[in-house]
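A look at the structure
Single-letter residue listing:
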Amino acid sequence: MRKPFISANWKMNKTIEETVEFINAFIPLVKDITDVDMLIAPPFISLSTAAGFLKGTNIKLGAQNVFYEEKGAFTGEVSPAMLLSAGCTHVILGHSERRQYFMETDEVVNKKVKIALKNGLDAILCVGESLKEREENRMFEVLDKQLSGSLKDLSMDGITIAYEPIWAIGTGKTATKEQANEAHAHIRGWLRENKEGADTVRILYGGSVTPENVASLMSEPEVDGGLVGGASLKPDSFAQIVINSRRK
Ligand code: PGA
């Protein structure tokens, strides 16, 4: 049985002070949870402070991006070593917002996953189709292309997949549990055909996850957790998502 994994993705939200406020409120709400892995991913600038407050807790820390070079003249970018020294264990990569607004291709995402793993960071790799692609029945083709491009020359050690249909992100239009399971099963099928250890890889669902719908999504055999945007910004609601994701 794969252990549930619930990750927050705060995107460009919360100052350092607001991050500390969240963490102080969140820790007591989930302090006894050992059967769900939890991660928060604040903006870069808050990581180091967050790490200090999370030390010794059951909550892990991740970044939302990393650059694909180790160091050098790349103004404005952040390296894997910097994330490690800030206290991160994970990094979210290939999010559809990065693909859309920052022109990240599968090739770029692949380089980022590679350098993250090489430096000892675990990666949460996001894939997912647009509404148009789904309506044109190209969903599986799009997922296969993203998987093969982003996972080129990589083994699955240290990688979690997040299936995030773009039409469900921030829209309140959650995929049904059947739609999520179908996509996850397809992803797992692709992994079985192309990589070792496919059955131990966790596949998270992302896209309008809430405290109300998470248990139903988690009842599907292929849904191993969630990547949560909007509903991860409030300690109560994120804690409730964690609690409701526990296996019965
Ligand atoms: P949402 O975002 O939960 O606000 O839909 C999910 C994500 O983009 O990771």
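Quantities reported herein were computed from a predicted structural model and do not represent experimental measurements.

On to the overall build of the protein chain. The helix and strand tally for the protein chain stands at 10 helices and eight strands. Here the protein chain has a C-alpha radius of gyration of 17 Å; the compact-globule value for 248 residues is 18 Å, and the two agree. Considering only C-alpha atoms, the protein chain reaches an extent of 45 × 45 × 30 Å along its principal axes. Taking all 248 residues of the protein chain together, 54% fall into the buried category. Look at the contacts in the protein chain between residues 6 or more apart in sequence, and 74% of them connect residues 24 or more apart. Counting only carbon and sulfur atoms, one obtains 53% of the accessible surface of the protein chain, whose full area is about 11,400 Å².

Those residues of helix α2 (residues 44-54) that sit buried are Ser46, Leu47, Ala50, Ala51 and Leu54. Seen along its axis, α2 keeps its buried residues to an arc of 145 degrees; they face one direction. In this structure, α2 carries Ile45 and Gly52 as exposed residues pointing more than 90 degrees from its buried face. Contacts made by the buried residues of α2 are with α1 (16-30), β2 (37-40), β3 (59-63) and α3 (80-85).

Take empty space enclosed by the protein next. Summary: where empty space remains is shown by rolling a probe the size of a single water molecule over the atoms. Per the counting criterion, the structure on display carries one cavity of 30 Å³ or more. One number sums up the size of the largest cavity: a volume of about 40 Å³. Gly94, His95, Ser96, Arg99, Cys126, Val127, Gly128, Gln146, Glu164, Ile166 and Ile169 are the residues that line the largest cavity. Of all the secondary structure elements, the ones that give two or more residues to the lining of the largest cavity are α4 (96-101) and β5 (122-127). The residue makeup of the lining of the largest cavity, split by class, is four nonpolar, five polar and two charged.

A few words on the site of the ligand. The full set close to the ligand counts 13 residues, and Lys11, His95, Glu164, Gly170 and Ser208 are the nearest of them. Within the backbone of Gly229, one N or O atom sits 2.8 Å away from an oxygen atom of the ligand. When isolated, the ligand has an accessible area of 280 Å², and the protein chains bury 95% of it. A per-class count over the shell around the ligand returns four nonpolar, seven polar and two charged.

What follows deals with the environment of Val142. Along the chain, Val142 falls in helix α7 (residues 139-150). In sequence terms Val142 and Leu84 are 58 residues apart; their C-alpha atoms lie 32 Å from each other.

Right, let's talk about the sheet that holds strand β6 (residues 159-163) for a bit. Taken in spatial order, the eight strands line up as β1-β2-β3-β4-β5-β6-β7-β8 and close into a barrel, and their pairing is parallel. Direction aside, neighbouring strands of the sheet carry axes that sit 25 degrees apart on average. Across the sheet, α1 touches β2 and β3, and the angle it forms with β2 is around 175 degrees. On the sheet, helix α5 (residues 106-118) packs against β4 (90-93), β5 and β6 and is oriented at approximately 160 degrees with respect to β5.

What follows is about the state of the cysteines. A full pass over the atoms with the stated rule returns zero disulfides. The closest cysteine sulfur to the non-disulfide-bonded Cys126 is located on Cys88, 15 Å from its own sulfur.

Direction vectors running N to C along α7 and helix α8 (residues 177-194) enclose 45 degrees, while the axes themselves pass 10 Å from each other. Overall, the two elements α7 and α8 adopt an arrangement that is oblique. Of the two possible hands of crossing, α7 and α8 adopt the one that is right-handed. Across from Met139, Phe140, Leu143, Asp144, Leu147 and Ser148 in α7, the residues of α8 making contact are Glu182, Ala183, His186, Ile187 and Trp190. Its residues assigned to classes, the contact of α7 with α8 comprises seven nonpolar, two polar and two charged.

Now for the packing of aromatic side chains. Counting across every chain of the model gives six aromatic pairs. Ring plane angle 45 degrees and centroid distance 5.0 Å describe the contact between Phe67 and Phe74, whose orientation is recorded as tilted. One residue, Lys14, lies across the ring of Trp10, its end atom 5.3 Å from the ring centre. The ring of Tyr68 carries the charged tip of Lys111 above its face, separated from the ring centre by 4.1 Å.

Turning to the nonpolar core, a few remarks are in order. Membership of the largest hydrophobic core comes to 65 residues, with the highest contact counts inside it found for Phe26, Ile40, Leu83, Leu151, Ile161, Ile187 and Tyr205. In this structure, Ile187 is in contact with Val127, Leu143, Leu147, Ile161, Tyr163 and Ile203, ignoring residues within four places of it in sequence. Ile124, Ala162, Leu204 and Leu227 belong to the second-largest nonpolar core, a separate cluster that totals nine residues.

Thresholds, definitions, all that
Residues numbered from 1 in each chain as written. Predicted model: local features only at pLDDT ≥ 70, side-chain atom pairs only at ≥ 80, totals over all residues. Heavy atoms only, no water. Helix = DSSP H or I, 4+ residues; strand = E, 2+ residues; numbered from the N terminus. Rg over C-alpha atoms; globule rule 2.2 N^0.38 Å. Buried < 20%, exposed > 50% of the residue type's maximum accessible area, 1.4 Å probe, protein only. Contact = heavy atoms within 4.5 Å. Areas by Shrake-Rupley, 256 points an atom, 1.4 Å probe, with all protein chains shown as cover. Arc of directions from axis to C-beta. 1 Å grid on protein atoms, 1.4 Å probe; cavity = no way out; pocket = protein on both sides within 12 Å on 5 of 7 lines; lining within 4 Å. Points joined across faces, edges and corners; volume = space filled by probe spheres on them. Nonpolar A, V, L, I, M, F, W, Y, C, P; charged D, E, K, R; others polar. Near = heavy atom within 4 Å. Polar contact = N/O pair within 3.5 Å; in protein donor to acceptor, adjacent residues only side chain to side chain. Pairing = 2+ DSSP bridges. Axes fitted to C-alpha atoms, helices over the stretch in contact; angles between N-to-C directions. Disulfide = S-S within 2.5 Å. Parallel < 35°, antiparallel > 145°, perpendicular 65-115°, else oblique. Left-handed = near helix turned anticlockwise from the far one by under 90°. Phe/Tyr/Trp six-rings, centres within 6.5 Å; stacked < 30°, edge-to-face > 60°. Lys NZ or Arg CZ within 6 Å of the ring centre and 35° of its normal. Core = buried A, V, L, I, M, F, W, Y, C linked by side-chain atoms within 4.5 Å.

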